[in-house]
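Observations on the three-dimensional arrangement
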Amino acid sequence: MALGAGAMVGLLGGMIGLGGAEFRLPLLIGTFGFAALSAVILNKAMSLVVVVTALPARLAAVSFGDLGAHWTIAVNLLAGSLLGAWAGASWAVRMRSASLYKVLAVLMVAMAAALVVTHSTALGSLELPGSVQVVAGVVAGFGIGVVAAIMGVAGGELLIPTIVLLFGADIKLAGSLSLLVSLPTMLVAFARYSRDGSFTVVRANLRFAALMATGSIAGALLGGLFLGVIPDLVLIPALAVILLVSAAKVARHD
């Protein structure tokens, strides 16, 4: 079940060019019965494995010269996202389970909205003045770091449109830059979670996590082959509905 569920998550994410961790989280809670914080920590561990696996392939698609020419974008976002990741993980471990379920439900609704807006709107640069752009990058990075830490996701679904809007990067470059921001951000959140007693869920479910992560990687590769096969007009609303239904179910947990 873990392998199959991971493959399904990877397939859904792969068809829209993402890792699919936002779909994995409700499965961990609703199907496999993990408590909110345990599900978040496991999701973070698996997201980290998926991102590390995807990084070489993604970086191969964009030259190091292009990435090097835009290193300031990653640094700008990291200035906020690293702090946000630590803060988000700290809030998550202190939150009551009932409250965390509600927060996760709200964030799933926000992810559904971001998914629809990102894939239905032609994104362009906001063309902000330099100093405003830097401040906006730090603030946006902080918010993304918080969300990524609390949900246990990489945050690419938020980072990519942010990079396009704030810095005017093309979507291909934005995807690679998002991974450069995601990886250290996830490591910071993971380090914060490792200080909490709930982190033992990773060691206790290592085989489960390894199988689900393997399924996610295989599913993402397969989903990438179907990228563009199903029209966004059909796929995106369907995925948004999945997130909204999942949010409703998570919100009802005690």
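About the criteria used
Residues numbered from 1 in each chain as written. Predicted model: local features only at pLDDT ≥ 70, side-chain atom pairs only at ≥ 80, totals over all residues. Heavy atoms only, no water. Helix = DSSP H or I, 4+ residues; strand = E, 2+ residues; numbered from the N terminus. Rg over C-alpha atoms; globule rule 2.2 N^0.38 Å. Buried < 20%, exposed > 50% of the residue type's maximum accessible area, 1.4 Å probe, protein only. Areas by Shrake-Rupley, 256 points an atom, 1.4 Å probe, with all protein chains shown as cover. Phe/Tyr/Trp six-rings, centres within 6.5 Å; stacked < 30°, edge-to-face > 60°. Lys NZ or Arg CZ within 6 Å of the ring centre and 35° of its normal. Contact = heavy atoms within 4.5 Å. Axes fitted to C-alpha atoms, helices over the stretch in contact; angles between N-to-C directions. Parallel < 35°, antiparallel > 145°, perpendicular 65-115°, else oblique. Nonpolar A, V, L, I, M, F, W, Y, C, P; charged D, E, K, R; others polar. Expected span 1.5 Å × (residues − 1). pLDDT = per-residue confidence, 0-100. Left-handed = near helix turned anticlockwise from the far one by under 90°. Core = buried A, V, L, I, M, F, W, Y, C linked by side-chain atoms within 4.5 Å.

Re the overall build of the protein
Helices and strands together make up the secondary structure of the protein, namely twelve helices and zero strands. Listing every helix and strand of the protein by position from the N terminus yields α-α-α-α-α-α-α-α-α-α-α-α. In terms of C-alpha radius of gyration, the protein reaches 17 Å, essentially the compact-globule figure of 18 Å for 254 residues. By principal-axis analysis of the C-alpha atoms, the protein measures approximately 45 × 40 × 30 Å. When burial is assessed residue by residue, the protein has 50% of its 254 residues classed as buried. Entry remark: accessible area of the protein is about 11000 Å², with carbon and sulfur atoms responsible for 71%.

Let's talk about the packing of aromatic side chains
In this structure the tally under the stated criterion is three aromatic pairs. Both rings, one in Phe34 and one in Phe208, keep their centres 5.4 Å apart while their planes meet at 55 degrees; by these two values the pair is tilted. Residue Phe34 is found in the loop between helix H2 (21-30) and helix H3 (36-61), and its partner Phe208 is found in helix H11 (residues 206-225); the two are separated by 174 residues along the sequence. In this structure, Phe34 and Phe208 share a single accessibility class: buried. Through pairs of rings, three or more aromatic residues link up here, namely Phe32, Phe34 and Phe208. Residue placement shows Arg192 over the ring face of Trp86; its charged tip is 5.9 Å from the ring centre.

A few points about the environment of Leu128
You can see Leu128 is positioned in the loop between helix H6 (97-120) and helix H7 (130-151). A residue is classified by how much of its surface remains accessible, and Leu128, at 27% relative accessible area, is partly exposed. Sequence-wise, Leu128 and Phe167 are 39 residues apart; in three dimensions their C-alpha atoms are separated by 8.5 Å.

With respect to the side chain of Ser216
Relative to the assigned elements, Ser216 resides in helix H11. The exposure class of Ser216 is buried, given its relative accessible area of 0%. Those residues in contact with Ser216, other than ones at most four positions away along the chain, are Gly6, Ala7, Val9, Gly10, Arg24 and Val50.

Observations concerning the packing of H6 against helix H12 (residues 232-251)
Closest axis-to-axis distance for the H6/H12 pair is 8 Å, and the angle between their directions is 170 degrees. Between H6 and H12, the interaxial angle falls into the category roughly antiparallel. Contacts from Tyr101, Lys102, Leu104, Ala105, Met108, Val109, Met111, Ala112, Leu115, Val116 and His119 in H6 reach Asp232, Ile236, Leu239, Ala240, Leu243, Leu244, Ser246, Ala247, Val250 and Ala251 in H12. A breakdown of the residues in the contact of H6 with H12 according to their chemical character gives 17 nonpolar, two polar and two charged.

Notes on H7
Every α-helix winds through 3.6 residues per turn, so residues three or four apart in the chain are directed the same way. For H7, built from 22 residues, the straight-helix expectation of 32 Å at 1.5 Å per residue is met to within 8% by its first-to-last C-alpha distance of 31 Å. Gly137, Gly141, Ile144, Gly145, Val146, Val147, Ala148, Ala149, Ile150 and Met151 are the residues of H7 that are buried. Following H7 by one or two positions, Gly152 adopts a phi angle in the positive range, close to 75 degrees.

Here we look at the confidence of the model for the protein
The predicted model of the protein has a mean per-residue pLDDT of 86, with 94% of residues at 70 or higher. For the protein, per-element mean pLDDT is lowest for helix H4 (residues 64-69), which scores 76, and highest for helix H5 (residues 71-94), which scores 94.

Some thoughts on the packing of H5 against helix H9 (residues 171-193)
Viewed as axis vectors pointing N to C, H5 and H9 meet at an angle of 30 degrees, and their least axial separation amounts to 8 Å. Judged by the angle between their axes, H5 and H9 are roughly parallel. Remark: the crossing between H5 and H9 carries right-handed chirality. Tallied by class, residues from the contact of H5 with H9 come to 17 nonpolar, three polar and two charged.

A short note on the nonpolar core
Within the largest apolar cluster, 84 residues are counted, with the highest numbers of intra-cluster contacts made by Leu25, Leu28, Leu104, Met151 and Tyr193. Ignoring sequence-local partners within four residues, the contact set of Tyr193 consists of Leu37, Val40, Ile41, Ala89, Ala92, Val93, Ala149, Ile150 and Phe199.

Quick word on the environment of Leu11
Its place among the elements puts Leu11 in helix H1 (residues 2-14). Since its relative accessible area comes to 27%, Leu11 is described here as partly exposed. Sequence spacing of Leu11 and Ile217 is 206 residues, and the spatial spacing of their C-alpha atoms is 8.7 Å. If we ignore the near neighbours within four places in the chain, the residues touching Leu11 are Gly219, Ala220, Leu222, Gly223 and Phe226.

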